[in-house]
Structure formats: structure tokens, C-alpha cells
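Spelled out, the chains give:
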Amino acid sequence: MDEINSDTEIMCRRQQLLSHSMLTSMDHMISMVGDSLRAAQGDDAAGFGVTVRKLATTAKEENTKINAEIKDFIGVLAKLGKSIDKTFFSNPAKSANPDAFKGLSGSIHKAISEHLCFDGKFDVVETFARESDGMLTEDHALHMKELSEIRDALLKHNLAPALRWIDAHERDLTELHSPLSYNAHRLAFIQLLTSGKIHEAIIEAQQQLSRLAGPRLDDLKHLMGAVLYANRLSSSSYRDILSPTLWTDLHEQLVSAYCTIGSLPRESPLSRCINTGCRAIPVYQKISKMLETAMSFEGNALTALGKRDVPFWEAIAETRFEFPTAVEPLSHTVFCCPVSKDLTTPQNPPMRLPCGHVISREILTTLARSIGHASRQRRFKCPYCPQELVLADTVEVHF
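Given the structure is predicted, the values throughout are model-derived calculations rather than measurements. (Residues numbered from 1 in each chain as written. Predicted model: local features only at pLDDT ≥ 70, side-chain atom pairs only at ≥ 80, totals over all residues. Heavy atoms only, no water.)

Let us now look at the overall build of the protein chain. For the protein chain, the count of helices and strands is 15 helices and 5 strands. When the 399 residues of the protein chain are sorted by exposure, 29% land in the buried category. A separation of at least 24 residues holds for 57% of the contacts in the protein chain among residues at least 6 apart in sequence. Put simply, the protein chain shows about 25900 Å² of open surface, and 56% of that area lies on carbon and sulfur atoms. (Helix = DSSP H or I, 4+ residues; strand = E, 2+ residues; numbered from the N terminus. Buried < 20%, exposed > 50% of the residue type's maximum accessible area, 1.4 Å probe, protein only. Contact = heavy atoms within 4.5 Å. Areas by Shrake-Rupley, 256 points an atom, 1.4 Å probe, with all protein chains shown as cover.)

Another aspect to go through is the sheet that holds strand β2 (residues 358-360). Strand order in the open sheet formed by 3 strands is β2-β1-β5, with antiparallel pairing between adjacent strands. Two strands lie at the open edges of the sheet, namely β2 and β5 (395-396), each paired on one side alone. Here strand β1 (residues 350-352) pairs with β2 via 3 bridges, running antiparallel. The partner of P350 across the bridge, within β2, is S360. Strands in contact with helix α15 (residues 361-369) are β1, β2 and β5; relative to β2, the strand with the most contacts, it is inclined by about 90 degrees. (Pairing = 2+ DSSP bridges. Axes fitted to C-alpha atoms, helices over the stretch in contact; angles between N-to-C directions.)

Here we take up the side chain of S25. Tracing the chain through its elements places S25 in helix α1 (residues 2-40). The exposure class assigned to S25 is buried, which follows from its relative accessible area of 7%. S25 has contacts with E62 and I66, leaving out every residue within four places of it along the chain.

What follows concerns empty space enclosed by the protein. To locate leftover empty space, one rolls a probe as large as a water molecule over the atoms. Applying the stated criterion across every chain yields a total of 1 cavity of 30 Å³ or more. Taken together, C117, F118, M144, L147, S148 and R151 form the lining of the largest cavity. Secondary structure elements with two or more residues in the lining of the largest cavity: α3 (105-118) and α5 (138-155). Among the elements that line the lining of the largest cavity, the one with the most residues is α5, at 4 residues. (1 Å grid on protein atoms, 1.4 Å probe; cavity = no way out; pocket = protein on both sides within 12 Å on 5 of 7 lines; lining within 4 Å. Points joined across faces, edges and corners; volume = space filled by probe spheres on them.)

What follows concerns the environment of V395. Structurally, V395 is set in strand β5. Along the primary structure V395 and L353 are separated by 42 residues, whereas in three dimensions their C-alpha atoms are 6.8 Å apart. In contact with V395, other than residues within four places in its own chain, are P350, M351 and R352.

Every buried residue of α15 is accounted for by I363, L364 and A368. Projected onto a plane normal to the axis of α15, the buried residues spread over an arc of 140 degrees and lie on a single side. The exposed residues of α15 that point more than 90 degrees off its buried face are E362 and R369. In this structure, the buried side of α15 is in contact with β1, β2, β3 (380-381) and β4 (388-389). (Arc of directions from axis to C-beta.)

Turning our attention to the packing of helix α8 (residues 180-194) against helix α10 (residues 217-226). α10 packs onto α8 with a crossing angle of 10 degrees between their chain directions and a minimal axis gap of 11 Å. The pairing of α8 with α10 is recorded here as roughly parallel in orientation. Side by side, α8 and α10 meet where Y182, R186, F189, I190 and L193 of the first sit next to D219, L220, L223, M224 and A226 of the second. Of the residues that constitute the contact of α8 with α10, the class distribution is 8 nonpolar, no polar and 2 charged. (Parallel < 35°, antiparallel > 145°, perpendicular 65-115°, else oblique. Nonpolar A, V, L, I, M, F, W, Y, C, P; charged D, E, K, R; others polar.)

Our focus in this paragraph is the confidence of the model for the protein chain. Mean pLDDT over the protein chain: 79, with 81% of residues reaching 70 or higher. Confidence over residues 304-308 falls short of pLDDT 50; this stretch has 6 contacts with residues more than four positions distant or in other chains. (pLDDT = per-residue confidence, 0-100.)

Attention shifts here to the nonpolar core. Core analysis: the biggest nonpolar cluster contains 45 residues, and L154, L159, L180, F189, L193 and L254 have the highest contact counts within it. Those elements giving two or more residues to this core turn out to be α3, α4 (122-131), α5, α6 (160-168), α8, α9 (198-212), α10 and α11 (246-262). In terms of nonpolar packing, the next biggest core, distinct from the first, is built from 12 residues, C337, L353, I363 and L364 among them. (Core = buried A, V, L, I, M, F, W, Y, C linked by side-chain atoms within 4.5 Å.)

Attention shifts here to the pattern of salt bridges. Under the defined criterion, the tally for this structure stands at 5 salt bridges. Residues R211 and E170 are paired through a salt bridge, measuring 2.7 Å at the closest nitrogen-oxygen approach. Placement of the pair is R211 in helix α9 and E170 in helix α7 (residues 170-175), with a sequence separation of 41 residues. With a relative accessible area of 22%, E170 lands in the partly exposed category. (Salt bridge = Lys/Arg side-chain N within 4 Å of Asp/Glu carboxyl O.)

Positive phi outside glycine occurs at H157, with the angle close to 60 degrees. You can see H157 is positioned in the loop between α5 and α6. For K341, which is not glycine, the phi dihedral falls at a positive 65 degrees. Summarising the element assignment, K341 is placed in the loop between α14 (312-315) and β1. Look at K341 and you get partly exposed, because its relative accessible area is 31%.

Below, the structure is given as C-alpha cells:
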């Protein structure tokens, strides 16, 4: 990317210089044409002839100059194009599997509908549902719409929809050990206090915060002390309750709790797939090009297999590789063994070794058998560090 950035900067500078040069030449030529017209209106025929010849000579010189500058600019532009082609693969379809989503149009349409729901475009979802087979269930759609309305209200500092939902699901939130109920009513108390409704704030504390406080009793006492300084709260020792992140923190807590209780994803699965794919595709294309080049050097293996004209993904049965991803989308609903690169299953679960490394049970058994009979007391080494262990010391990991 550094080479592309450098070539882009050079191209922009040359384009600006070319534009300035062309405008200057045009202004010069327009000025000379004006002089020629004024000379034509005079009585000096010899002077007019000299002016016209000078105009023709100047026009030819300016044309040669501009053409040379355009040629130079085209060369710079071509260099930028080569840098882009060198960095990015121009034919991603070669390493793509066109049959990957065959027969899954319904699932794709459902993912699109869900993504539109996350953006609050429910009218578009209804139209899309009529034109596709990716209709969301009625309950799912209602939950998504309710969550969108609550989030929009919070962005406008309107707590009413959130409080209604929180009060209706207080038992579920208690089972989750979520502080959402207390934090929401705490924010309602602060909102009333800062708007001058001191009496209503005290009632909120008596009716809601007092029963929800629990281990947060010290915080409740701190809030009640702030009532005495309601008229100058921002300059008092209680100004810490006016944290600028109160609304964003509550928004995150509510979305997390809502999605957990309603069994909804916390973000659009389509967005996650696209973001992950954008990180994975460049790495995969680079590796596939390297492997394809290596195979061509090793006796043109693709031709030997009769697969020279087929996509690379079809000629190679499987390619495994790692790629960087953002921290937020990481999840551990599945585990990939770092040795075999296979996903673990209930029949082949991940096993934690005493040293802290985790591998699949099949690899663990293979390592134990490599030194003889797989006895639970026979010692062998971890594949990632020199520590010795026995099968009896390993523990199955549950995600």
C-alpha cells in the first residue's frame, strides 16, 4: 500500500501541474486571438500578417508543450495502475467458489433482511420480503423492530421505551445478573435531577432505586447526597455522576441484554461476514497465487491433473490459512485444533494440557500412541512446548 500511496500522491501533483499549465496556455492563446482580432480591424495589413504568423507559431509551440505534459502524465498514471495491479489481484473470481451459496438463496435473503432490520429500514424489509424467499419470522421481526425503536429513543435521550422493556423483563435481567435495571433507573433519576424536577427524582429513588440497589447501596447514598446540590451539580463534589458516557454505556448494556434474552445477534451477521471476508480474501488470494506458482514450477501439476483451465480452488481440494481479524467479532463457539487445523466436534472435543495449550482429542491420542500404547500414565511432550504430561492430566474444554 505504501507504493500505491506514493504513486497516488505523485499522480495528483502531476495532474494539478497539467491542469495549471493547460489553463495558462489557453489564457495565453485567448489573449493572442484577441490581439489578432484587433489587428484585423486596423489598417496595418503587414502588422496583421505578422500577428497571425506569431499566433500560429505560438499555438504550435503550446500544443507541443501540452502534448508532452499529457504524455508524461499518462506515464505516471500507468505506473499507478501497475502498482494497483501488483498489490491487488484483478481476478478474484479465480480463487472463488461460485457454487458456495448454491441452494442457499433463502438464507442469504434472510441475512439481508436481518441486516436491513439492524439499520431500521423496516419498510425496505417488507418490500424485500415480498420479492424474495428470505422472510423473517414474525416474532423475530417484531423483536428487531422493538429494539430499533428503543435504540432510536435512547439516542434522543428518551428513556421511556427502554424503561418499559426493562421493567417487563426484570426477572430475566435478574437471572442474568445484569445491572441494567438499576443503571436505567439511575439515569432516569439523574435526568430528573438535572432538569430541576427534584421532587420527581426523589420519588424515583424511593420507588425504584431503593429496591434495585442491593450491593450498590453506597452509590445510592451518593446519589441522594447529590440532591442537596441539584442547582449547582456540575460544580459540586457530586459532578462525577454526570459522566458523559452514561447514555452510551446504557445503550450498550441494553442491546447486550435484549439480544441475550431475545436470542438475537448483537450485530448484523451480514456485516460480520463481509468485514471478515474483506480481511480474509487478500490473504487467501496471495496464498493461492503463491501455491499456484509453486505448482507450475513443480512439473506443471495442474496440467498433469487435467485442471489447467479450472479455478484454483477447484484444483486444490483444501487450503487452510490464518488471517488477522478485529477483536470485536471474535467468538469461540467452535475451536480449530492448531495442530490438525480441523474443527473440533462433540466426538473430538478440545483438550486442555497442563501447560495451557489446547489441542483436539484425536491429536492428543495420536501423540500418546506415538510413544507406544496410549496409557493414561505414559508421559509424552506437548507439541508446542517441552513440558511433559500424561493423558490423565488433560481436561476437556467446554465453550
